[in-house]
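Inside the fold
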Amino acid sequence: MEKVLLWLFCLLSLEYGALVGSTRLPNIVLIVTDDQDVVLNGMMPMRNVQELLAKSGATFTNAFTSSPICCPSRASILSGRYAHNHATTNNSISGGCYGHFWRDVVEKYTLPVMLHARGYETFFGGKYLNDYRTTDVPPGWDHWYGLHGNSIYYNYTLTENGKSVQYTSEYLTDVLAEKSTQFLEEQRHGKPFFLMVAPPAPHAPATPAPRHEQTFPEVRAARTPNFNHPSGSLDKHWLLTMDPPTLPDDVLPELDEITRRRWQSLLAVDEMVRGIVESLQKNDLLEETFIVFTSDNGYHIGQFAQAYDKRQPYETDIRIPLIVRGPGVRKKFLVQQPTLLIDLMPTMLEWAQMSLPANLDGRSFRGDLVAETPVSISRQFLIEYWGEVGPNTHSPSCKNADKSLYMCTEDAACHCQDARNNTYACVRELEWKSGEDLRTFLYCEFRDNEHFVEAYDLLSDPYQMNNVAYEMLPSSRAIYSLVLKNLTNCIGSTCRMYNSRSYINKINKYQWEYVD
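From a predicted model like this one, the values you see are computed outputs, not experimental measurements.

Criteria and thresholds
Residues numbered from 1 in each chain as written. Predicted model: local features only at pLDDT ≥ 70, side-chain atom pairs only at ≥ 80, totals over all residues. Heavy atoms only, no water. Disulfide = S-S within 2.5 Å. Helix = DSSP H or I, 4+ residues; strand = E, 2+ residues; numbered from the N terminus. Buried < 20%, exposed > 50% of the residue type's maximum accessible area, 1.4 Å probe, protein only. 1 Å grid on protein atoms, 1.4 Å probe; cavity = no way out; pocket = protein on both sides within 12 Å on 5 of 7 lines; lining within 4 Å. Points joined across faces, edges and corners; volume = space filled by probe spheres on them. Nonpolar A, V, L, I, M, F, W, Y, C, P; charged D, E, K, R; others polar. Axes fitted to C-alpha atoms, helices over the stretch in contact; angles between N-to-C directions. Parallel < 35°, antiparallel > 145°, perpendicular 65-115°, else oblique. Contact = heavy atoms within 4.5 Å.

Taken as a whole and assessed by the stated rule, the structure comprises 5 disulfides. Residue pairing for C71: its cysteine sulfur links by disulfide to C97, the two sulfurs lying 2.1 Å apart. Taking the sign of the torsion about the S-S bond as the criterion, the disulfide between C71 and C97, at about 90°, is right-handed. Of the two residues, C71 is situated in helix α3 (residues 70–79) and C97 in the loop between α4 (83–86) and α5 (100–104); the sequence distance between them amounts to 26 residues. Like C71, the residue C97 is buried in the burial classification. Here C426 pairs with C444 through a disulfide, and the sulfurs are 2.1 Å apart. In this structure, the disulfide formed by C426 and C444 twists by about 105° around the S-S bond and is classed as right-handed. Of the two residues, C426 is situated in strand β18 (residues 424–433) and C444 in strand β19 (residues 436–446); the sequence distance between them amounts to 18 residues. With a relative accessible area of 0%, C426 lands in the buried category. Looking at C444, the relative accessible area reads 0%, which means it is buried. Along the protein chain, the cysteines that take part in disulfide bonds pair up as 1-2, 3-5, 4-6, 7-8, 9-10, counted in sequence order. Not engaged in a disulfide, the cysteine C70 finds its nearest cysteine sulfur in C71; these two sulfurs lie 8.2 Å apart.

Moving on to the layout of surface pockets. Approximately 730 Å³ is the volume found for the largest pocket. N150, H203, A204, R311 and M407 are, among the 34 residues lining the largest pocket, the residues nearest its centre. Elements supplying a minimum of two residues to the lining of the largest pocket: α8 (252–282) and β11 (308–309). If one sorts the elements of the lining of the largest pocket by residue count, α8 sits on top with 4 residues. Residue composition of the lining of the largest pocket, grouped by class: 13 nonpolar, 10 polar and 11 charged. Of the volumes computed, that of the second largest pocket is approximately 420 Å³. For the lining of the second largest pocket, the secondary structure elements donating two or more residues are α9 (315–318), β18 and β19. At 4 residues, β18 tops the list of elements feeding residues into the lining of the second largest pocket. The residue inventory of the lining of the second largest pocket, partitioned by class, reads 11 nonpolar, 9 polar and 6 charged.

On to the packing of helix α7 (residues 172–185) against α8. As a packed pair, α7 and α8 sit with axes 9 Å apart at the nearest point and diverge in direction by 10°. Here α8 runs roughly parallel to α7, going by the angle between their axes. Contacts between α7 and α8 involve T173, D174, L176, A177, T181, L184 and E185 on the former and, on the latter, A268, V269, M272, G275, I276, S279, L280 and K282. Its residues assigned to classes, the contact of α7 with α8 comprises 8 nonpolar, 4 polar and 3 charged.

Here you go:
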């Protein structure tokens, strides 16, 4: 027994040595774009990301956000927790976005705080949380260049290490690229560093840099099978069945233009990635640095006759890009294990050889980056969102607009994008074995007057056209409802146990025995 334990200890030590080296802790670079989809080909403009990161590292094929909206998702990245645990539920102050609970409780135990305590020099540039509008520097950051408010490209304010600085004509992505590379130029082989940069692209208005304004002239919005598809009363929840049932033809060219501008705005981000890699290489830091590229959430453009936005539990909105290169990471490797943004913090803490706090809801994917292709994968996880309303978001001509609806505008054919009770929770389940998908399923319950339920078998219905919730056996729905109840109340280890194949097998075994 002692020999077995000694062998395991040596094996773990060798793995850690391959990942972080024996002399110093690794550097970490985290790049977070804003609203970048992966389902609708949103990674196509990213040639540098593909050449410099993906070909030298790992691409995650099943990466998700647990909240398809900016502020809750960013809070999850920084805290390693689901939204119901960090209490940032939407982009508003009333929804906890940079609210008192975040500032007084959660922010004191975030990723930069822990890495800073470990000895890391920390840098942040770009969009933090949507309602950050102060000269305060959040805890844990040595170098701080935080954007006031939501994504914007010109005429913005940054808090620069406690001082408010206004910019008018400087393109924000380029400013962040310059500040990031300047920080890297000052780094040598001393203390490790954590750099997080969060550019605005491709968030609306998706303003491209002038040098990119003429690119992608032929690009159009992806005409997926669910593009401009009308939804009946049993197909989708009430917000998606509002008039008009389909977007008028004169709106569709605008969706094509939005797609082009989103791609154009990403080219400056792609150049920033190249600059970061070149700076690391110039200073002989590249091989001892983990670089993570991802986005806070996905995006839809025309799917189910919703013009453009996120906030929905469908694949366009919840799937995200995730690419990692770094010490010991297999090259040109596809990671199929389902992975969430809440997994970033535990992974990075393990890279820093730190113990993981018990209240983290995510799991580390450190081992997935060096392991052989798994024989099987399995995970059940939570998607959650709380509906939002806000002032001045309605066009005067939109007759259906009232105070309970949000983002009702003429360019979206007055098809509102959100509502006060557009609130839901979902179980997203993936189970795979020996190269074949066995189960990929979504089950959602809406907390509205209808108590609407949606469910999709994505193996046979990848575009989520057929809501099977009302075709499921009552016993089967009851099991998913129970799992959902547990997930929406989970914290720490009770969230992580849904990563376990043995736990899911028990649920499935019980389900089928109960049905029989």
